[in-house]
Each structure stands twice: as structure tokens, then as C-alpha cells.
Amino acid sequence: MNSALAHHLWLGVQSWEYKKFIKACQNPCLTQERLLRNYIRKNALTEFGVTHHFERIRSYKEFIEEVPVREYQDFEKWIQKIVKGEKNILTKSVVIGFEKTSGTTHFSKLIPYTAELKQEFEKGIAAWLVSLQHFCPEAFCGCAYWALSPATQAPQKTAAGLPIGIEDDREYFHPFVAWILGSIMAVPFSLKRENDPAKFYLKTLEALLRREDLSFVSVWSPTFFLQLDNVLQSHKEHIRNWIESEKIFKNKRKARLLDSLKGDFVWKDLWPHLSVLSCWKDAQSEWWIPQVQKRAGKVWIQGKGLLATEGITSLPLDPQINPVLALRSHFYEFRSMVNAKICLAHELSPHERYEVLLTTAGGLYRYASGDFIEVTGFFKQAPAFRFVGRGEQQSDLVGEKLSEQHVLESFKRSLNDRIKFSLAFLYPEQTQTKAGYTLFIEKNGADVCPEDWHSFLKEVERSLLKNPYYEQAIHIGQLERLKIFFLPTGFREQLVRFLGDSATGKESTMKVPVLFSRNRLKPLLGV
């Protein structure tokens, strides 16, 4: 089956879900009520449901009286039971595996996945793709490259044998859809098992270059695309030699590639049918988009909706508006950043900012996601919004999601009797060509040998690498290795005065953070 026919078949299967989604946008309140009732009814006899009296809940008001807003650590006692192989804990549905993500107070979190949770993701993806077909049918005229789960990371298993991570990205989809995807994808899913980043990038590029009909690329962070492009540019001669030796290329295709790779080129030169590149465009990712556009050429850069390991929150629908709430996927609540009032989807106000709370078929109930959004408009009656970032004590240059708590714990674990300082903090630095973190230290006058500082730096980095997203970004070259810089004596006083002036003005009781967001200290550090 050729790629265009496979795309036609895939989108045809999903068109019914798109119609349901459009209809749901006319009455978000009713759609969300039905989802919540289904969660409560289906999971009433689970351990979580019995504890929270699901059998007597008849309304949203009763639901919030019985179930408090929770963060990951509040679910951990139930999740650990599932890890050990116990059933009927958070959901009646069987947990088929876990996905790993990072968190504010945990270096990594295990999110339970059920077949129903995967279906909830698929509903949002279906509505997005059919909508994209309406606005840009050229995206589906050829093959596609999807970078779904992190590459170069081997899947693991729990003690009870449940998988952590997946070996084949097609597992995210229904078996019939997975079969269709085999005819669509330009890069074999098995390539994600390649543990060597250099080989992974080169093999990915070789697979893409074999396909003249590449029309759609979907990645998460724009820096992943730029890293792939950097390998393409820096290995031009190697790639040209490889093209010369490959017999699979038709003469016209080979000539085009060799000619383009002689000098300056953009992706559109190599893949003339490339129409859409999908990636994050909000929050920190916005900074990289001009560079992505420059390297892609005349290609539409479509921003993704808000999608995390725990659940999907929004999906791109209309190019004229921001992504729309994925109404048919999960049950959503929104906690105001102004007064902490919790609102439902139909109660949101334009230009207000909220934290997203999720209730999903994976067994998370009123889960505080840490994702903050700003409402920018509406599609029919459904809210549209942009992602504005993670919680205040987070840093996220390329998707690594470092938290204040993680950095603090990393410092504590790395200290020894020989290391002495009066100030230490991590600061993100980003330019057009690189991104990474620097460990800033103000010594306290003690004589510490360079070897001890080097050991301290390595211990801090080793602890930070327990965050799977940070580890992935380092491993594939999106982030540089951690560096250290020694500050002049008296810098702490300058910093406290700066933070006092720019924040509350209270210097004497101020707790200096150990993690800052990008550009926060630019007036002081000059970076």
C-alpha cells in the first residue's frame, strides 16, 4: 500500500471521531458531565473508588467533596501497588504498562496506562489530523516522520513484569491503525532501539533521504528537529558519499540531493513535497521557531496542542486560533492562577490563566498537572488556549522539565565535608546554537581543591540525570553538559538585593532559589 492511500484510509477511519468532536464543542458542559459520570460508575468498586465513596456520588459537587486535588506523590501509594502487580486499584481496567515522566518533587514518575487511556489520546489525535487534512491536504500526499516516544532509551519492566516505556510506537494506536501506519512511516519504528545517538541521527536521516515523497514531519521539541538538521549539515560529505553509493536512488532524485548538498540548502530542497512540520511553539519553544522555519524552508510550522505523558489537554484545530480543549478525551478542571478558584471548561474566562487538573481513564483523579494555560478565545463553545509554561519553580529549555526540588535534592546528595560555599544555583543559558545549564558557585573563602569541585559538579549532574527528560536531552545533544562558574565574593548580597527589588522587597526573610528561569538574572550575570 502506498503512503497516500494509507493516509486516506487512516483519515477515513478517524473522520467519525472528528465529527463527534466538532459536535461536542457545541456543548462542552454536557460532554464533560458524561465523561465524569462514566469514570465514577466504572471505577466505583476499585480501591480508590471505595475509599472515595464513588457509589454515592451523583454530581460534580459531590465528586469534589469526596476527591481532593492531588499531585503525583499523593497517588504514589496506589501506583506502587499497581507496580507490584495488584489489580483493581485506581481503575477497573487492567493496567497494561507505565510511561515515565519527570516531576516537581520526584525525579521521575510512573504513569499507569490502560487501553482506555490510549483510546483517549487517540480521540484527540484523530480530531487534530482530520482537521489538518481540511486545511492542508498536501501534508498527507506522501509518507510521514513521527518522533513519538524518546529514542535511544531501552524499555524496562517492573518487578511484576509490566513494561515501562514501549518498544514500538505503534503500541500507542489501535492494532488496525498500527497496521496502516506501517505503510505511512518513512522511518522504521524499530530505529528507536538504537542506543548510540550519533548512529540514531544518521540512520534516521538515511531513511528520510530514501523517501522523496516525505510530506509531514511531527516531532516534540523544535530542538530535536534542529539537532537532526545539525547532523545533516555537519555530515554533508559523509551523506553525499553514501548517496553516491546507494543504488536505491533514481537518477533524478540522486542528482537533486547531490546538487542540494553541495552548498546551502533547506529541507524543502531535499524533500520538495514537505508541507507541514508539527512541533511545540509555545512557552520556551517559541524562541526556537524562527530558526526552525529558516532551516525547514517554505513549510508550515504547526504548533502542537498541550500533550503530556499524563494526558492530552488541547489539539490544533483551526490555524486562526490557538489549540482547543480536547473535550472528548478526559475530564478537565482549571485552577485560577489569580485566586485558586476551580472552574470547569464552560466557565473559563478569556485572557485568564489557569493550571490544568486532569481526571483520566488511566486512574488519575483531579491530578494537578503543573501545566499553565492562558485562554485566548473559543471554538464554538469550547475554550482555546496557549500553553504558558510549567510551575514557577521549573525550567524547561527543550522539554527537560527541571524542578526546584530536584535541583535542591541534587545539591544535598552531592555535598561532602570538603565542599564549602555560601551560594549555589543552577541557571539555564540559551543561544541560537546551544542550550544548557551552568552551576554558579560563590565560595565561602575555604580552600577547596579543583578536583573536589569537579567531583561535586559530576555528582550534581549524575543526580540531575535521574530526570528522564534531562537525561534524554543530554544524551541526544539537545542540552550541553553541566558547567560550573565561580562567582565573586559578595555576589549573594547583590542577588538578594536584586530579588528583593524585583519581587517583594523583603530581603531579610528571602529564600534564594536554587533554580532560575531563563533571562531571570540577565541584568546581574549578563547572560
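What counts and how
Residues numbered from 1 in each chain as written. Predicted model: local features only at pLDDT ≥ 70, side-chain atom pairs only at ≥ 80, totals over all residues. Heavy atoms only, no water. Pairing = 2+ DSSP bridges. Helix = DSSP H or I, 4+ residues; strand = E, 2+ residues; numbered from the N terminus. Axes fitted to C-alpha atoms, helices over the stretch in contact; angles between N-to-C directions. Contact = heavy atoms within 4.5 Å. Buried < 20%, exposed > 50% of the residue type's maximum accessible area, 1.4 Å probe, protein only. Core = buried A, V, L, I, M, F, W, Y, C linked by side-chain atoms within 4.5 Å. Phe/Tyr/Trp six-rings, centres within 6.5 Å; stacked < 30°, edge-to-face > 60°. pLDDT = per-residue confidence, 0-100.

A. Focus on the sheet that holds strand β19 (residues 435-443). Strand order across the open sheet formed by three strands is β18-β19-β20, with mixed pairing between neighbours. Edge strands, defined here as strands with exactly one partner in the open sheet, are β18 (421-430) and β20 (483-486). Adjacent strand axes in the sheet meet at a mean angle of 25° when their direction is disregarded. Summarising the sheet, β18 and β19 pair through nine bridges and their orientation is antiparallel. Following the sheet pairing, F421 is matched in β19 by K443. Sheet contacts for helix α15 (residues 450-464): β18, β19 and β20; angle to β19, the most-contacted strand, approximately 135°.

B. Examining the pairing of strand β7 (residues 276-279) more closely. With burial as the criterion, each face of β7 is covered, one bearing V276 and S278 and the other bearing L277 and C279. Alignment of β7 against strand β8 (residues 300-303), held across four bridges, turns out to be parallel. Among the inter-strand pairings, C279 is bridged to a residue of β8, identified as G303.

C. Highlighting the nonpolar core. Judged by nonpolar contacts, the single largest core of 83 residues is most densely connected at W10, F21, F75, L90, F98 and F334. With eight residues, the top contributor of residues to this core is helix α6 (residues 115-135). The contact partners of F21, leaving out residues within four places of it in the chain, are A127, L315, L317, V324, L325, A326, L327 and R328. Within the second largest apolar cluster, 68 residues are counted, among which are I243, L426, L464 and I476.

D. Expanded view of the packing of aromatic side chains. Per the stated rule, a full pass over the model turns up 33 aromatic pairs. With 5.9 Å between their ring centres and 45° between their planes, F421 and F456 make a pair best called tilted. Linking F421 in strand β18 with F456 in helix α15, this pair joins segments that are 35 residues apart in sequence. With a relative accessible area of 24%, F421 lands in the partly exposed category. Put simply, the rings of F48, F54, F75, W78, Y365 and Y367 pair up and form one aromatic cluster.

E. Representation of the pairing of β18. For β18, the buried fraction is high: seven of the ten residues fall into the buried class. In textbook terms, the turn of a hairpin is the stretch between consecutive antiparallel strands, and for β18 and β19 this stretch comprises four residues.

F. Quick peek at the sheet that holds β7. Taken in spatial order, the four strands of this open sheet run β3-β6-β7-β8, and their pairing is parallel. Looking at which strands have only one partner, the edges of the open sheet turn out to be β3 (143-146) and β8. Within the sheet, the average angular offset between the axes of one strand and its neighbour, ignoring direction, is 20°. Here helix α13 (residues 289-296) sits on the sheet and contacts β7 and β8; the angle it forms with β8, its principal contact strand, is near 145°.

G. The arrangement of the confidence of the model for the protein in detail. With 92% of its residues at a pLDDT of 70 or more, the protein has an overall mean of 88. Counting interchain partners and residues more than four positions distant, the pLDDT-below-50 stretch residues 501-510 has ten contacts.

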